[in-house]
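Residues per chain, in single letters:
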Amino acid sequence: ALITSTAILVAGGLGMGLAHTIRSRELDAVPRLIGASLAHLPAVWLLLGIGVFLVGVLPRMTALVWIVFTGCAVATILGPTLRLPDVATNLSPFEHTPRLPGPLDSGTVGAAALLTALALVLIVAGFLGFRQRDIG
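Now for a look at the structure at hand. (Residues numbered from 1 in each chain as written. Predicted model: local features only at pLDDT ≥ 70, side-chain atom pairs only at ≥ 80, totals over all residues. Heavy atoms only, no water.)

Here the focus is the packing of helix α3 (residues 41-57) against helix α4 (residues 64-82). Remark: α3 packs on α4, axes separated minimally by 9 Å, with the N-to-C direction vectors making an angle of 165 degrees. As far as their axial angle goes, α4 and α3 are roughly antiparallel. The interaxial crossing formed by α3 with α4 has right-handed handedness. Where α3 approaches α4, its residues Leu 47, Ile 50, Gly 51 and Leu 54 are matched on the opposing element by Leu 64, Val 65, Val 68, Phe 69 and Cys 72. For the contact of α3 with α4, the per-class residue count stands at 8 nonpolar, 1 polar and no charged. (Axes fitted to C-alpha atoms, helices over the stretch in contact; angles between N-to-C directions. Helix = DSSP H or I, 4+ residues; strand = E, 2+ residues; numbered from the N terminus. Parallel < 35°, antiparallel > 145°, perpendicular 65-115°, else oblique. Left-handed = near helix turned anticlockwise from the far one by under 90°. Contact = heavy atoms within 4.5 Å. Nonpolar A, V, L, I, M, F, W, Y, C, P; charged D, E, K, R; others polar.)

So, about the environment of Val 65. The topology assignment puts Val 65 in helix α4. Among the residues examined, Val 65 registers a relative accessible area of 18% and is labelled buried. For Val 65, the residues in contact, after removing those within four places along its chain, are Leu 47, Ile 50, Gly 51 and Leu 54. (Buried < 20%, exposed > 50% of the residue type's maximum accessible area, 1.4 Å probe, protein only.)

In the Ramachandran plot, Arg 25 falls in the positive-phi region, its phi being about 65 degrees despite a non-glycine side chain. Among the secondary structure elements, Arg 25 is positioned in the loop between α1 (2-24) and α2 (29-38). Overall, the relative accessible area of 66% leaves Arg 25 in the exposed class. A positive phi is found at Arg 83, a non-glycine position, where the angle reads about 55 degrees. When its relative accessible area of 74% is taken as the criterion, Arg 83 is described as exposed.

In structure tokens, the structure reads:
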């Protein structure tokens, strides 16, 4: 899932970059937009980590990952339209990833590192929990 999610983001960035290059003739658009797509990887991995954690540690509550995913989608995509308060939109990990292409600031880089670390902790905890379950 880690590899596939990365590949999907690369493919999305590649597609956007190629389309932009064809339209604008900017030859550097492909790597810039692949990088911009990959900026969301820590948030994607965090959602993956929540899913792995729920499957491994709290298997009866696995469906909660869909509630988390839906909440993130609503907060990120519809939040500005619905004029959700900042406290609601800030619950989505996608609100804490860098807005690329554009300048990076230390706050978004630190947030991305924190999201990645949290995702790693959840994935490891989920795998450890799954190994200790009695499924036989």
